[in-house]
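Now for the letters of each chain:
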Amino acid sequence: MTIEEYLDDLAPDKKEAFAKLMHVVDANIPAGFEKEIQYGMPSYVVPKSRYPDGYHCDSNLSLPFFAIAAQKQHIAVYHMGIFGDEALFEWFQAEYPKHMTTKLNMGKGCIRFTNPKKIPYELIGELASKVSVDDWIKQYETTIKK
């Protein structure tokens, strides 16, 4: 599946919000990450040319960092490093209420938006911008890859 095919397959009620969210991430993600389909969703990864070891769960895959997905009940943002970086996690929790009136809906590694008309695009763009490729590799090697 390609990213274009993913976008074409989106439910009509999520298509516009998802496209805007992906545009915001594209505009803010630090240089060096590449966009591809990984685990069936648009993902921003450290390419194998930069990190040949790949992902510890499947070394054939590029190292994942950030992804967005349209699920049945919500749009999800997956940030692989948010729970491994306490300062980033605390920053996000403190910033969220400044952008949203709804309660923060987070799972393990994901942020869920059940209403596609209420997504804090600016905040997600800032979140996407906060970790460089080098910082992500360092965090990954010290806290996730054991």
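Quantities reported herein were computed from a predicted structural model and do not represent experimental measurements.

**Student:** What exactly am I supposed to notice about the layout of surface pockets here?
**Tutor:** Here the largest pocket is characterised by a volume of approximately 150 Å³. Lining the largest pocket we find Pro12, Asp13, Lys14, Lys15, Glu16, Ala17, Lys20, Pro116, Lys117, Lys118, Ile119 and Tyr121. Sorting elements by how many residues they give to the lining of the largest pocket places helix α2 (residues 12-28) first, with seven residues. Counted by class, the lining of the largest pocket contains five nonpolar, no polar and seven charged residues.

**Student:** Explanation requested: α2 in the structure shown.
**Tutor:** Residue pairs spaced three or four apart in an α-helix point in one direction, given the helix's 3.6 residues per turn. An ideal rise of 1.5 Å per residue puts 24 Å on 17 residues; α2 measures up with 25 Å between its terminal C-alpha atoms. All of the buried residues in α2 are Lys14, Ala17, Phe18, Leu21, Met22, Val24 and Val25. Against the buried residues of α2 lie α1 (3-8), β1 (34-38), β2 (41-46), β3 (63-70), β4 (75-79) and α4 (121-129).

**Student:** Please explain the pairing of β4 as it appears in this structure.
**Tutor:** If a strand is regular, its side chains alternate between the two faces of the sheet. β4 sits mainly inside the fold: four of its five residues count as buried. Pairing of β3 with β4, which is carried by five bridges, proceeds in the antiparallel orientation. Bridge pairing links isoleucine 68 to valine 77 in β4. The loop that links β3 with its antiparallel partner β4 comprises four residues. Pairing geometry for β4 and strand β6 (residues 110-113), over four bridges, is antiparallel. Across the sheet, the residue bridging to isoleucine 75 is phenylalanine 113, located in β6.

**Student:** Can you walk me through the UniProt feature "domain: YdhG-like" (unreviewed entry) in the protein in this structure?
**Tutor:** UniProt feature "domain: YdhG-like" (unreviewed entry): in the numbering of this structure it lies at residues 14-128. In residues 14-128, the share of helix is 32% and the share of strand is 26%. The end C-alpha atoms are 20 Å apart.

**Student:** In this structure, what is going on with the packing of aromatic side chains? I would like to understand it.
**Tutor:** If you walk through the whole model with that rule in mind, you get eleven aromatic pairs. Ring plane angle 75° and centroid distance 6.2 Å describe the contact between tyrosine 44 and phenylalanine 66, whose orientation is recorded as edge-to-face. Separated by 22 residues along the polypeptide, tyrosine 44 in strand β2 and phenylalanine 66 in strand β3 bring together distant segments of the chain. With respect to class, tyrosine 44 is no different from phenylalanine 66; both count as buried. The interplanar angle of 50° and the centroid separation of 5.5 Å between the aromatic rings of phenylalanine 65 and tryptophan 136 together place this pair among those described as tilted. With phenylalanine 65 in strand β3 and tryptophan 136 in helix α5 (residues 133-144), this residue pair connects regions lying 71 residues apart in the sequence. Taking the relative accessible area as the measure of exposure, phenylalanine 65 reaches 0% and is therefore buried. The aromatic ring of tryptophan 91 is capped on one face by lysine 130, whose charged end is 4.5 Å from the ring centroid.

So, how was this worked out
- Here the residue numbering is sequential within each chain, running from 1 through the sequence in written order.
- Thresholds applied to this predicted model are a pLDDT of at least 70 for local features of residues and 80 or more for the giving and counting of side-chain atom pairs; totals over whole chains, interfaces and linings are not thresholded and use all residues.
- Hydrogens and water are ignored here; the side-chain numbers use all heavy atoms of the structure.
- Residues are called lining when one of their atoms sits within 4 Å of a cavity or pocket point, these points coming from a 1 Å grid over the protein atoms alone, where a cavity is a set in which a 1.4 Å probe fits but cannot get out and a pocket is an open set with protein on both sides within 12 Å along at least five of seven lines.
- Grid points are joined across faces, edges and corners, and a volume is the space filled by probe spheres set on the points.
- Runs of H or I in DSSP of at least four residues are treated as helices and runs of E of at least two as strands, each being numbered from the N terminus.
- Ten residue types, Ala, Val, Leu, Ile, Met, Phe, Trp, Tyr, Cys and Pro, are classed as nonpolar, four, Asp, Glu, Lys and Arg, as charged, and the remainder, Gly among them, as polar.
- Multiplying 1.5 Å by the helix residue count minus one yields the expected span of that helix.
- Using a 1.4 Å probe on the protein chains alone, a residue whose accessible area is under 20% of its type maximum counts as buried, one over 50% counts as exposed, and one in between counts as partly exposed.
- Whether two residues are in contact is decided by their heavy atoms, any of which lying within 4.5 Å being enough.
- At least two bridges found by DSSP between two strands is the condition for calling them paired.
- UniProt positions are given in the numbering used here, feature names are shortened, and annotations may be inferred rather than shown by experiment.
- In this analysis, rings of Phe, Tyr and Trp, with Trp reduced to its six-membered ring, are considered paired at centre separations within 6.5 Å, and the interplanar angle assigns stacked below 30 degrees, edge-to-face beyond 60, and tilted for intermediate values.
- For a lysine, the NZ atom is tested; for an arginine, the CZ atom; a charge sits over a ring if that atom is within 6 Å of the ring centre and within 35 degrees of the ring normal.

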